[in-house]
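Chain residues, written in single-letter form:
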Amino acid sequence: MPDTISPALRDGPRARPPVDPPAPRRPVWIRPVLFPVAVAVAIGAIFISVYLSAFHAPGARDLPVAVVGTSAEAAAVAERLPENAPDTFRVQALPDRETARTAVEHGEIFAAYVPGPGAPELFHAGAHGPSVSALVTGSFGEAARADGERPTPVDLVPASDQDTRGLVVFYTTFGLVLAGYLFGIMTFQLGPGLTARRRMVSLAAFGGAGGLAVASVVSAFGALPAPFLGVAGLVALVAMAVGAFTMLLVRSLGVLGSSAAAVLFMTVGNASSGGSLPAEFLPGWLEPFSAGLPVGVGVRAVNGLAYFHGDGVLSGVAVLVGWTAAGLGGLLLVERLRRRARREA
């Protein structure tokens, strides 16, 4: 008779491996409720910290200025500058009046004190903003009064009559920084399935259209003495740099990527842009961002294009193209790695 007893009954009961008790589950509401709180509070705290550090008591450091004369004469004028700001200026000697004029007009220095047989002159550039003009005229006026003289201010590069507060360059540049940040987020919200190449086409269209739109608005107000296509091109590069790198951050980090882009471009970039005050007025830790982030680079380039014979334009284009290339190159790399991971899965 065949053996019909099952192996389990024949061999007896088998020992079962011990089972660990289930780990207590975290409530599902903790992440969606507390994570946005933590991120938003952190961004707000960073924003306030950066802006208070930059603007609670702004003061220039090593502002480049010049005195026409010998090194000894320049040192003598420097000693008569106000004692409450010993590190405010970096005084150099220039050989003659025309050299000083050229240096101010090209943005190489912020002011030049020109002694003369009559009343001394003070060359400066109103296009740097009213705060800079007030600082240099007040400080060098005090230095001249120590010799019983009163310098005549000469504004070699006045700001546009339609820019009474000196903020047109900043708003011209920053408008598409905000738009570039929003573009980098919306391209994934509205087109989650787009290929990286189509996002690149969209980015180019955004930059071109945005640059032309901003240049048209600025031209309509007549507030910036700069060539139309030059403004459009620089603003387009700023927009594409911010948009491309925001896309990379969002694709790589998700929600945290949009937060990182907000801190990088909207907070640190805005505060260090030099739009309201030159970079020399920023605290030491924040000043380098002005020369590296798209906002500050764009502000200097647009300002140089409008007023200072192209000062900062070539270097600005190089930096902005670098940001755009890094963002798009990183995005292509992330997409390639994710496709490879999906194939292997």
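Refer to the structure printed above.
Residues numbered from 1 in each chain as written. Predicted model: local features only at pLDDT ≥ 70, side-chain atom pairs only at ≥ 80, totals over all residues. Heavy atoms only, no water.

A.B. asks: Could you clarify how one ought to interpret the sheet that holds strand 4 (residues 121-124) in this entry?
C.D. replies: Working definition: the strands of a sheet are paired by backbone hydrogen bonds and lie parallel or antiparallel to each other. The mixed open sheet is built from 5 strands, whose spatial order is 2-1-3-4-5. Lying at the two open borders of the sheet, with one neighbouring strand each, are strand 2 (89-94) and strand 5 (152-155). The sheet shows a mean angle of 25° between the axes of neighbouring strands, taken without regard to direction. Where strand 1 (residues 63-68) lies against strand 3 (residues 111-114), 3 bridges are found, and the strand directions are parallel. Bridge pairing in strand 3 links Val65 to Ala111. The sheet strands contacting helix 4 (residues 97-105) are strand 1, strand 2, strand 3 and strand 4, and the helix crosses strand 4 at an angle near 30°. (Pairing = 2+ DSSP bridges. Helix = DSSP H or I, 4+ residues; strand = E, 2+ residues; numbered from the N terminus. Axes fitted to C-alpha atoms, helices over the stretch in contact; angles between N-to-C directions. Contact = heavy atoms within 4.5 Å.)

A.B. asks: Sorry, what's going on with the side chain of Ser272 here?
C.D. replies: Checked against the element boundaries, Ser272 lands in the loop between helix 9 (255-271) and helix 10 (287-292). Discounting chain neighbours no more than four positions away, the residues touching Ser272 are Leu282, Leu286, Phe289, Ser290, Leu293 and Gly296.

A.B. asks: How should I be thinking about the packing of helix 8 (residues 228-253) against helix 11 (residues 294-307) in this particular structure?
C.D. replies: The geometry of a pair of packed helices is captured by two quantities: the angle between their axes and the separation between those axes. In contact at an axis separation of 10 Å, helix 8 and helix 11 are set at 175° when each is read in the N-to-C sense. Classified by the angle between their axes, helix 8 and helix 11 sit roughly antiparallel to one another. Along the contact surface, helix 8 presents Gly230, Val231, Leu234, Val238, Ala241 and Val242, while helix 11 presents Pro294, Gly298, Ala301, Val302 and Leu305. Here the contact of helix 8 with helix 11 is composed, by residue class, of 9 nonpolar, 2 polar and no charged. (Parallel < 35°, antiparallel > 145°, perpendicular 65-115°, else oblique. Nonpolar A, V, L, I, M, F, W, Y, C, P; charged D, E, K, R; others polar.)

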